[in-house]
Amino acid sequence: MSADEPIIRIRGLRNQFGDFVVHENLDLDVRRGEIIGVVGGSGSGKSVLMRAIIGLGRPAAGSILLFGEDVATMSDSRRALVEQRCGVLFQNGALFSSLTVAENVGVALTEHHDLDAEIVHRLALLKIALAGLPLDAADKFPSQLSGGMVKRAALARSLALDPEILFLDEPTAGLDPIGAAAFDQLILTLRDSLGLTVFLITHDLDTLYTICDRVAVLAKKRILVADTLDVVEQVDEPWIQEYFQGPRGRAARRATQTHSTPLPAGP
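No experiment lies behind these values; they were computed from the predicted model shown.

(A) Focus on the overall build of the protein chain. Tallying secondary structure elements over the protein chain gives ten helices and ten strands in all. Relative to the 2.2 N^0.38 estimate, which gives 18 Å for 267 residues, the radius of gyration of the protein chain is 19 Å and therefore close to what a compact globule would have. Projecting the C-alpha coordinates of the protein chain onto the three principal axes gives extents of approximately 60 × 55 × 35 Å. Taking all 267 residues of the protein chain together, 46% fall into the buried category.

Set out below in C-alpha cells:
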C-alpha cells in the first residue's frame, strides 16, 4: 500500500445480530500515524466496529481494508500475518489470570515465533518497561496488580509483536484522573517513538482533547463526522452538542487551552 493510502478503509459497513442492525452504511478512513478517537453513546457499537476491523466479527455487508487488504477475503494464513501487525487492548485488560505479567506478554511471542524461553522472557521485560511498569511487576499475577497496572500490563501484551496499529478499547476507564493522564501521555509517547497508528475507543473527554489528532463520532448507526475536534464540536447534531458543549466538554477544552498557552516572556 502507498504511504498516502489509509491504513484502515471502511466502506458501506453493516453489522447486525439477527434482525438488530448495529451499523448501516458506515464509512471511515484511519490515516497512518494518527491517533483517532472513536466516541459514541452506549450501545452505538464502538467495540463491535473494532472487532470487525480486527476480524473477530463478520460484517453483514460492506468492506474493510486493513493495510490495503480486504479482511473478509483473506486466507487464514494471510490473516495470521496481518494480525501480528495489530496490537489490541480490550476492555478490562483481558489478561490470563493464571499467568504472570511476563507470561501474559510472552504468549504471543511463543505462539508466533520459535524463540528460546530466555529470549521470550527478555523481550517480555522490554515490553513491560515500554508500558511504564516496574520490572518487578513481571512476576506478579493480574490479581496482584492495581487497576492502572492491569491496563499497562495489557498494553505491554499488545506491544509484544511490535505492531503497526494499536487498538485500544476504553484504556483509561476506571482510572483516577492522574493515572488516566499518565496513560494518555504514555500512548502519545509510544505513538511518536514507535510510529504507531492508534485506534482509540474512549468516553474520556480529557483523552480526546489531549492526544487525539481526529475524532470519529459514531451515532445513528454510522460515522457522523471524523475530523479535528474544532470541527467536530461545531457539528449541528444534538448528541455531539450535548457531549462536547456540556459542562465536562467545556472543562476539558479549557484545560487543554490552559496547558497549551505559552508562558509570558520574562523581563
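(B) Region of the structure containing helix α1 (residues 46–53). For α1, the complete set of buried residues consists of Lys46, Leu49, Met50, Ala52 and Ile53. Buried residues of α1 fall within an arc of 160° about the axis and therefore sit on the same side. Following α1 by one or two positions, Gly55 adopts a phi angle in the positive range, close to 90°.

(C) Fine view of the nonpolar core. In terms of nonpolar packing, the biggest core is built from 50 residues, with Leu155, Leu208, Val215 and Phe244 touching the most fellow members. The dominant element in this core, judged by the number of residues it contributes, is helix α6 (residues 177–194), at six residues. Excluding residues that lie within four positions of it along the chain, Leu208 makes contacts with Gly37, Val39, Thr202, Val215, Leu229, Tyr243 and Phe244.

(D) Quick look at unusual backbone geometry. Notably, Asp162 is not glycine yet its phi reads approximately 55°, a positive angle. Turning to its location among the elements, Asp162 is positioned in the loop between α5 (147–158) and β7 (165–169). Although it is not a glycine, Glu170 sits at a positive phi angle of roughly 50°. With respect to the helices and strands, Glu170 occurs in the loop between β7 and α6. The class for Glu170 is buried, based on a relative accessible area of 9%.

(E) The arrangement of the state of the cysteines in detail. Under the counting rule described, the total for this entry stands at zero disulfides. Left without a disulfide partner, Cys212 is nearest to the cysteine sulfur of Cys86, which lies 18 Å away. According to the relative accessible area criterion, Cys212 is buried, its value standing at 14%.

(F) Structural view of the packing of aromatic side chains. Going through the model one piece at a time under the given rule, you end up with three aromatic pairs. An angle of 50° between the planes, with centres 5.5 Å apart, marks the rings of Phe167 and Phe199 as tilted. Pair noted here: Phe167 is in strand β7 and Phe199 is in strand β8 (residues 197–201), with a separation of 32 residues, a long-range link. Here the two residues Phe167 and Phe199 agree in accessibility, since each one is buried. One aromatic cluster is present, formed by Trp239, Tyr243 and Phe244 through successive ring pairs. Between the NZ or CZ atom of Arg85 and the centre of the ring of Phe67, over which it lies, the distance is 3.7 Å.

(G) Just the pattern of salt bridges, in detail. Scanning all chains against the criterion turns up twelve salt bridges. Notably, a salt bridge pairs Arg14 with Glu24, separated by 3.8 Å at the nearest N-O pair. Placement of Arg14 in strand β1 (residues 8–17) and of Glu24 in strand β2 (residues 20–30) is noted, with a sequence separation of ten residues between them. Salt bridges sharing common partners tie together Arg9, Arg11 and Asp29.

(H) Representation of the pairing of strand β4 (residues 61–66) within the structure. By the bridge criterion, five bridges tie β1 to β4 in an arrangement that is antiparallel. Residue pairing for β4: Arg11 is matched across the bridge by Ser63. Across two bridges, the pairing between β4 and strand β5 (residues 69–70) is antiparallel. By the bridge assignment for β5, Leu66 is matched with Glu69. The antiparallel hairpin formed by β4 and β5 contains two residues in its connecting segment, where Phe67 sits at a positive phi of about 55°.

Conventions and cut-offs
Residues numbered from 1 in each chain as written. Predicted model: local features only at pLDDT ≥ 70, side-chain atom pairs only at ≥ 80, totals over all residues. Heavy atoms only, no water. Helix = DSSP H or I, 4+ residues; strand = E, 2+ residues; numbered from the N terminus. Rg over C-alpha atoms; globule rule 2.2 N^0.38 Å. Buried < 20%, exposed > 50% of the residue type's maximum accessible area, 1.4 Å probe, protein only. Arc of directions from axis to C-beta. Core = buried A, V, L, I, M, F, W, Y, C linked by side-chain atoms within 4.5 Å. Contact = heavy atoms within 4.5 Å. Disulfide = S-S within 2.5 Å. Phe/Tyr/Trp six-rings, centres within 6.5 Å; stacked < 30°, edge-to-face > 60°. Lys NZ or Arg CZ within 6 Å of the ring centre and 35° of its normal. Salt bridge = Lys/Arg side-chain N within 4 Å of Asp/Glu carboxyl O. Pairing = 2+ DSSP bridges.

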